[in-house]
Every structure is written in C-alpha cells, then in structure tokens.
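A closer look at the structure
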Protein chains: 2
Amino acid sequence: MALPVAWILDKKHVLIVGGGEVASQRIQSLLPTDVARISLVSPSTSSKVRNLVASDARILHIDRAFDDNDVTGSDPPDMVLTAVDDVDQSRHIVSLCRAQHIPINAADMPPECDFYFGSIIRRGPLQILVSTNGNGPKLANIIRTRIEAQLPDNVAGAIENVGLLRKRLRERAPGVGGELSKRRMRWMTDFCTVWQMDDLATLDASMMNQLLDKHWDNMSIPPPPSTSLRRRLHEFISTESLLPFASGIVIGASIAFAALRVRYR
Amino acid sequence: MALPVAWILDKKHVLIVGGGEVASQRIQSLLPTDVARISLVSPSTSSKVRNLVASDARILHIDRAFDDNDVTGSDPPDMVLTAVDDVDQSRHIVSLCRAQHIPINAADMPPECDFYFGSIIRRGPLQILVSTNGNGPKLANIIRTRIEAQLPDNVAGAIENVGLLRKRLRERAPGVGGELSKRRMRWMTDFCTVWQMDDLATLDASMMNQLLDKHWDNMSIPPPPSTSLRRRLHEFISTESLLPFASGIVIGASIAFAALRVRYR
C-alpha cells in the first residue's frame, strides 16, 4: 500500500519523456496544478500532445530523443515521467533519476515507480484521488464516477468560502503555533460542523465580516441561515429517491383502492 | 493546486521529528502502508506515540533531540516529516532536506512543504484521498465521511478479485508492452464494465480459471451471475430511499382513502 498525498508542484519543473497517448494523459494530469514548467522530450508527438503543448505556455517541447543530460545536466527536473514504449530506455532513465534522488513515474512499470497516478476528481479546490494500488485502473475509474455523481453540487463553492473565511480569520488573529492557532482551528471546525455545505456555499464577504465581528471574540457559532421548506424537502427526497417515492405513492394508492373496492362492492 | 498521487514507501525510510499529537497522526498515516522503516527522533513522546512505537517493529524511537546528522549523515531518510512546535527548528530541517533533495512535510507550515497530507479512506486495496488544497481540513473530513458512507459494502472484495484475475491473466499471457498488453487491458476493462461490483465480489479461484479458459482466447465477456430479485429490489430501493418509499405508500394510500371517502359518502 502506497501513501496518498498531494504533491506540490508550485515552482517545480517536470520532465516528460515521450510524445504519445500516455504523455498526453500526463500533461492533462499536470495542467490543472500550479506546476511552474513542463519539458516534454520526444522526437515525435501525437496531434493531441501538440495541441496540449500549444495550449499552455508552461509546456516546452524539446524536439529530439532523450539525452542523459536532461536529467543529470545543469537544469535538472524536480520530477520525471517516462511515457515511452521502450522498456530498456525507461529503465535507464529510472536509474539516472534514482542516482539524483529525483522522483520518477515509469509508465507501465509499477516496480520502478516512486509514485502512482490514480483517478482524480476535481471540483474547484477539492481534489479526490481514487487509487486501487494497481489492482484495477478500470475499477478506480468506476468508483470515481460514482463518487462524482454523489458530490453535492455546491461543494466547490463551500470549500472556497471556508478557505476565504479562514484567511480573513488569520488576518484578524495572526500568528503561527500555540494557543491562538488551536483556538482558530477549533472555531473553524465548530463552524463547519454546525453549518451545512449548502449554508457555507451562500457565504459572501459581508456575511464573513459580520460573522467574525460578532462571533469570533466570544467563540460562538450562529445558527445557519433559515432552511427553506424547498431545501428540507429536497434533503428528504433526493434525486435518487424520487422514483421510489413516486412508486410508493402509486403502490399505496392502489392498495387503498383495492381494499376499498373489496369493501364497497 | 497540488497533484494527488500515491507515494510508494516500499523499501523506504521515513524520518519523523517530534513526539506529540501530530507525530502520532503521522505514524497512523504511515502504518497501513508498506513503509520499510520509520525513525522517530524526539527527547519526549506522548503515551499515544509510545504505544504506536511499541505496536510495530518498523518504528524505531531515537530518544534525543534532532541532529543535522539525522538528515545529512550516512543513513539519510527518503522522506522527512516534522512535527515540532518550534518554527525555527522546523525551518532549519526543511533547508537541510531541500539541499539533499529529500521530500519534506513541515507540520503547520504549508509554504515549506513538498507535499500535503489529506483525509484518507482505506478499504482493502482501495485508497481515496480527499484534499481541499489547504482550504479546509474539517470540510475534507466531512466529505470523506460522506463518501465513506456511500461506498458499496463489497468494494474491497471486488477490487481484490479484479487484482487476482489480472495477475492470473498476466501469468497466462505474459509480456510487457505492445499489442498483447493492450489486449489484456481491453479485456479487463470490458469485463469490469459488464460485471457489477456485486458480481466481481463473488468471483473465486475456480470461476476465474473458467472465465480465462472459456473467454480470454475469443475475447468474449460472459454475462454476470444471474441477478437475484432481492438484489434488484435492493438496487431500486436503497437504504437512503427506504423512508421516502414508505412515506410514498402512506401518502398514496391516504389520498386514495380520502378521494374514495368523498365519493362514497
């Protein structure tokens, strides 16, 4: 079992070796991150890879075969992804990276990897990684799709707002570590427990200021904005349970009609 | 935005600096992985940390303050996690690691980290990481709990079985790369698409052999084991929709009674 983590690529340089299907998948995994630079070394590229390279100024296509210098030279990458069919070349690149302590993922060669990719869901600042530890990429995909369908619609907005509120709170009560840091964490935790996802998604700048003005000093949590009947109903009868609910009505009515028919016949 | 990945710790040595609450959280994140060695450097430890150290032979407690040699010496770690309150010490350890290209997570100092921890769900070989990119740890936790509640009960068994089937298939049709590798991938993908999670969870060794004997050569996918009425019903009316279904029956029956009353009065 590997350790799932979120790898920070801010200010980092990633080298991709290869220009085919896997290379385009790797680029697509990287583009939503704040990676600083991607170098793609390959003498040939698919049209998909060319389109991706053209779409983002952070990607540089180096139009030649891999050279040891790409890893051992004066501009070493912080992470390497091989995406070539040539198993021996891939193994050679792995050994170069290993010697330099550069983390590497070698496509289709799990035992040579420092880390695996998985199926990822992204919704604003939320990222969910589904990994089956190499047991079944397709199943990871199926599970990802299921989770995606069940995520609340406003989850991205709720998280963004909580992030903003945290930032404002840190500006108001600054400092790292110690009691204050714990107090901030406790208030935020209590707040996110009492307010539901839907409530958090409705927060705006003036509500945040009001909240902090009135409730931070005395460590209280106000009740969430009044829950509308429509939302309560929606919580009770979700999209998934609409059909069972409707068929319940039909079944109930039919039973009643049948029972009464027998009685009044 | 960071890149969520599964970091492989097999054969790796992780150094934890600190012995309090965060240190025990870090140990708990690491123990389910196949990390080879954990060194914990701290002159003081909480009882929780001591219990964890005693519970697993892979953890070695080094009972003294951190020494530069722990990172720069002859037995350098492959990953470092600081879990100390002292911001300056944490920063110093970060700079040592940075110079050696050793990935580091410094607790409570996001800008100094190479990677973040997130909320993790584990079910057998399945791992799901929920990360809000530092916007709200509590929300990550709430989302994790929701996802956890909605996972199929037999998801771990299904993934384990698919992993075994893939292994058997690779033994039967060995080789890395090229057409064969693509053919194997296609058959497995089709199989996991046609068979549902519940079906996959019922696979056993003799079923797997039969499957491969009869269906691999001609690239066919047999229909899944006959779906029982009970399961079809369960799929239609899930635990979550039972209440709406039942109330539908009551509402339907009431309407029918009321309507008939008016008519037959």
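About the thresholds
- Residues numbered from 1 in each chain as written.
- Chains lettered and ligands numbered in written order.
- Predicted model: local features only at pLDDT ≥ 70, side-chain atom pairs only at ≥ 80, totals over all residues.
- Heavy atoms only, no water.
- Helix = DSSP H or I, 4+ residues; strand = E, 2+ residues; numbered from the N terminus.
- Rg over C-alpha atoms; globule rule 2.2 N^0.38 Å.
- Buried < 20%, exposed > 50% of the residue type's maximum accessible area, 1.4 Å probe, protein only.
- Contact = heavy atoms within 4.5 Å.
- Areas by Shrake-Rupley, 256 points an atom, 1.4 Å probe, with all protein chains shown as cover.
- Buried area = accessible area lost by both parts, 1.4 Å probe.
- Salt bridge = Lys/Arg side-chain N within 4 Å of Asp/Glu carboxyl O.
- Polar contact = N/O pair within 3.5 Å; in protein donor to acceptor, adjacent residues only side chain to side chain.
- Pairing = 2+ DSSP bridges.
- Axes fitted to C-alpha atoms, helices over the stretch in contact; angles between N-to-C directions.
- Left-handed = near helix turned anticlockwise from the far one by under 90°.
- Nonpolar A, V, L, I, M, F, W, Y, C, P; charged D, E, K, R; others polar.
- pLDDT = per-residue confidence, 0-100.
- Parallel < 35°, antiparallel > 145°, perpendicular 65-115°, else oblique.
- Expected span 1.5 Å × (residues − 1).
- Arc of directions from axis to C-beta.
- Least-squares fit on C-alpha atoms with pLDDT ≥ 70 in both.

1. Considerations on the overall build of chain A
If you tally the helices and strands in chain A, you get 11 helices and nine strands. For 265 residues, the compact-globule estimate of 2.2 N^0.38 gives 18 Å, and chain A exceeds it by more than 25% at 26 Å. Its C-alpha atoms give chain A principal-axis dimensions of roughly 90 × 60 × 35 Å. Taken over 265 residues, chain A has a buried fraction of 45%. Put simply, 59% of the contacts in chain A that link residues at least 6 apart link residues at least 24 apart. Total accessible area on chain A stands at roughly 13200 Å², and carbon and sulfur atoms take up 53% of it.

2. What about the interface of chain A and chain B?
Taken together, the 80 residues of chain A in the interface contact 80 residues of chain B. Summed over both sides, the interface between chain A and chain B buries roughly 7400 Å², with carbon and sulfur atoms accounting for 69% of that surface. Of all residues in chain A, Met1, Leu3 and Trp7 of chain A bury the most surface against chain B, accounting for 12% of the area lost on that side. The interface formed by chain A and chain B includes two salt bridges. As a salt-bridge pair, Asp114 of chain A and Lys12 of chain B come within 3.1 Å of each other at their nearest N and O atoms. Linking chain A with chain B are 20 residue pairs in polar contact (both at pLDDT 80 or more), by the criterion used here.

3. Regarding unusual backbone geometry
Positioned with a positive phi, Lys11 of chain B is a non-glycine residue whose angle comes to about 70 degrees. Along the chain, Lys11 of chain B turns up in the loop between strand E1 (3–7) and strand E2 (13–17).

4. Thoughts on the sheet that holds strand E5 (residues 79–82) of chain A
Residues and elements named next belong to chain A. With parallel pairing, the five strands of this open sheet are ordered in space as E4-E3-E2-E5-E6. Two strands close off the open sheet at either side, each with one partner strand: strand E4 (59–62) and strand E6 (104–106). In this sheet, neighbouring strand axes are inclined to one another by 15 degrees on average, regardless of whether the strands run parallel or antiparallel. Looking at chain direction, strand E2 (residues 13–17) and E5 are connected through four bridges and run parallel. By the bridge assignment, Ile16 is partnered in E5 with Leu81. Each of E2, strand E3 (37–41), E4, E5 and E6 is contacted by helix H1 (residues 21–30), which is oriented at about 165 degrees to E2, the strand it contacts most.

5. Some remarks on the packing of helix H11 (residues 242–264) of chain A against helix H11 (residues 242–264) of chain B
Any two packed helices are characterised by the angle at which their axes cross and by the distance between the axes. Closest axis-to-axis distance for the H11 of chain A/H11 of chain B pair is 6 Å, and the angle between their directions is 35 degrees. For the element pair H11 of chain A and H11 of chain B, the recorded crossing hand is right-handed. Across from Pro244, Phe245, Ser247, Gly248, Ile249, Ile251, Gly252, Ala253, Ala256, Phe257, Leu260 and Tyr264 of chain A in H11 of chain A, the residues of H11 of chain B making contact are Pro244, Phe245, Ser247, Gly248, Ile249, Ile251, Gly252, Ala253, Ala256, Phe257, Leu260 and Tyr264 of chain B. Split by residue class, the contact of H11 of chain A with H11 of chain B holds 18 nonpolar, six polar and no charged.

6. Observations regarding the confidence of the model for chain A
Mean pLDDT over chain A stands at 90; residues scoring 70 or higher make up 94%. Here the predicted complex carries an ipTM of 0.80, next to a pTM of 0.80.

7. Examining the packing of helix H1 (residues 21–30) of chain B against helix H2 (residues 47–55) of chain B
All names here are of chain B. At a closest axis distance of 8 Å, the pairing of H1 and H2 adopts a crossing angle of 25 degrees. Taken together, H1 and H2 sit at an angle that is classed as roughly parallel. When the axes of H1 and H2 are compared, the crossing they make is left-handed. Along its contact with H1, which presents Glu21, Ala23, Ser24, Ile27 and Gln28, the element H2 presents Lys48, Val49 and Leu52. The residue inventory of the contact of H1 with H2, partitioned by class, reads four nonpolar, two polar and two charged.

8. What about helix H4 (residues 87–100) of chain A?
All names here are of chain A. For H4, which comprises 14 residues, the first-to-last C-alpha distance of 20 Å matches the rise-based estimate of 20 Å (1.5 Å per residue) to within 8%. Of the positions making up H4, those classed as buried are Ser90, Ile93, Val94, Leu96 and Cys97. Across the axial projection of H4, the buried residues extend over an arc of 165 degrees, all falling on one side. In H4, the exposed positions angled more than 90 degrees off the buried face are occupied by Asp88 and Ala99. Looking at the packing, one finds that the buried side of H4 touches E2, helix H3 (69–72), E5 and E6. Here H4 starts with a cap whose side-chain oxygen sits 3.0 Å from the backbone nitrogen of Asp88, and that cap is Asp86. Following H4 by one or two positions, His101 has its phi on the positive side, about 55 degrees.

9. Some thoughts on the environment of Met1 of chain A
Positionally, Met1 of chain A belongs in the segment before strand E1 (3–7). Given a relative accessible area of 25%, Met1 of chain A falls into the partly exposed group. Spatially, the C-alpha atoms of Met1 of chain A and Lys138 of chain A are 18 Å apart, while their sequence positions differ by 137 residues. In contact with Met1 of chain A, other than residues within four places in its own chain, are Asn133 of chain A together with Pro32, Thr33, Asp34, Arg122, Gly124, Pro125 and Gln127 of chain B.

10. Some words on the relation of the copies chain A and chain B
Each copy of the sequence occupies a distinct position, and chain A is placed on chain B by a rotation of 180 degrees and an axial shift of 0.1 Å, giving an RMSD of 0.1 Å. Each copy turns onto its partner about a two-fold axis.

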